[in-house]
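Structure assessment
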Amino acid sequence: MKRHLTMIFILTSFFTVGCATRDHVAFDIDADLKATKGKVGDAVVGLNDKNQILVQEESLATDELLVQQSLNERLQADYAHEAYVLKQCRADISDPRLGGNGELPEYKEVDSFKDIVEIKEELGLVNGEIKVVKKSFFDEQYKAEKKLTTTLRKMISATKDSRERCERRMGIARRNAGLPGERFKAQGHFTSNGTWVETRKGENSLDDAFEIRAMMQGH
């Protein structure tokens, strides 16, 4: 009996605090318009009770989170590509053969941009089956994804700018070393049945660049 009363006290305390702070609690939103005047895509144009003109759009919270997560996956791929090309460029510039000092650049992983959302794990029985149940607050997940979107867009823009400046410097350094300003691309042709036949490999590293140059010079 004592255990039962304790559980009631804990639950009561939880809901009392939740209602007082409104953190993570679903509450009613005034989505009623006094009058509707048309639509713009999926949004409704209308007047509220203060006669203010609003553009209002509604969507399921689960759909919004999925859209945000999908967007971030694409942005992460874009950032990873830009960061990889920048890293490769800086590595080439640091090579002593292009006048560098041999020091390799640092690289920030995408995970370092993410806010940590607390996830509670419980091991126990659910409908008679032993399961691990993971729980986190929906609003924290959504806010973290929105913040990540903003961060990734800034990082992509900054990394792209750095990559373009690095490639300009690299072009000058390559020409000074007797290489073309841009990396060697693979050469070849397609046969009549559509098969690609490579006659010269593309450049994946500075070693490849100097090897291809030597081959072209007949060394």
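In this report, we go over the structure that sits alongside the text. Note that the structure is a prediction, hence the values are computed from the model and not measured.

Attention now goes to the nonpolar core. Counting 9 residues, the largest nonpolar core consists of Leu98, Ala173, Ala177, Leu179, Phe184, Leu206, Ala209, Phe210 and Ile212. Per-element accounting of this core gives the leading share, 4 residues, to helix α4 (residues 206-216). Each residue touching Phe184, except ones within four places of it in the same chain, is listed here: Arg174, Leu179, Arg200, Gly202, Glu203, Ala209, Ile212, Arg213 and Met216. By size, the runner-up hydrophobic cluster in this structure holds 7 residues, among which are Leu75, Tyr79, Leu148 and Leu152.

On the surface, a cluster of negative charge is contributed by Asp30, Asp32, Asp49 and Glu58. Examined against the element boundaries, Asp30 turns out to sit in the loop between α1 (2-21) and β1 (35-40).

Here we come to the state of the cysteines. Using the criterion set out here, one finds 1 disulfide in the structure. The residue that forms a disulfide with Cys89 is Cys166, at a sulfur-sulfur distance of 2.1 Å. Here Cys89 and Cys166 share a disulfide; its torsion about the S-S bond, -105 degrees, makes the bridge left-handed. Here the residue Cys89 occupies a position in helix α2 (residues 61-94), and Cys166 occupies one in helix α3 (residues 138-176), the gap between them amounting to 77 residues. The class of Cys89 is buried, set by a relative accessible area of 0%.

As a further point, take the environment of Phe184. Checked against the element boundaries, Phe184 lands in the loop between α3 and β6 (187-190). Note on Phe184: relative accessible area 11%, which makes it buried. Spatially, the C-alpha atom of Phe184 lies 8.6 Å from that of Asn204, the residues being 20 residues apart in sequence.

All right, on to the pattern of salt bridges then. Under the defined criterion, the tally for this structure stands at 13 salt bridges. With a shortest N-O distance of 3.9 Å, Glu121 and Lys134 are connected by a salt bridge. Of the two residues, Glu121 is situated in strand β4 (residues 120-126) and Lys134 in strand β5 (residues 129-135); the sequence distance between them amounts to 13 residues. Judged on exposure class, the residue Glu121 and its partner Lys134 are both exposed. Linking Glu182 and Lys185 is a salt bridge whose minimum nitrogen-to-oxygen distance equals 3.7 Å.

Cut-offs used in this document
Residues numbered from 1 in each chain as written. Predicted model: local features only at pLDDT ≥ 70, side-chain atom pairs only at ≥ 80, totals over all residues. Heavy atoms only, no water. Core = buried A, V, L, I, M, F, W, Y, C linked by side-chain atoms within 4.5 Å. Buried < 20%, exposed > 50% of the residue type's maximum accessible area, 1.4 Å probe, protein only. Helix = DSSP H or I, 4+ residues; strand = E, 2+ residues; numbered from the N terminus. Contact = heavy atoms within 4.5 Å. Patch = residues over 30% accessible without salt bridge, like charges linked within 9 Å, V, L, I, M, F, W, Y side chains within 5 Å. Areas by Shrake-Rupley, 256 points an atom, 1.4 Å probe, with all protein chains shown as cover. Salt bridge = Lys/Arg side-chain N within 4 Å of Asp/Glu carboxyl O. Lys, Arg positive; Asp, Glu negative; His and termini not counted. Charge placed at Lys NZ, Arg CZ, Asp CG, Glu CD. Disulfide = S-S within 2.5 Å.

It is worth stressing that arrangement in space is one thing and function is another; only the former is reported here.
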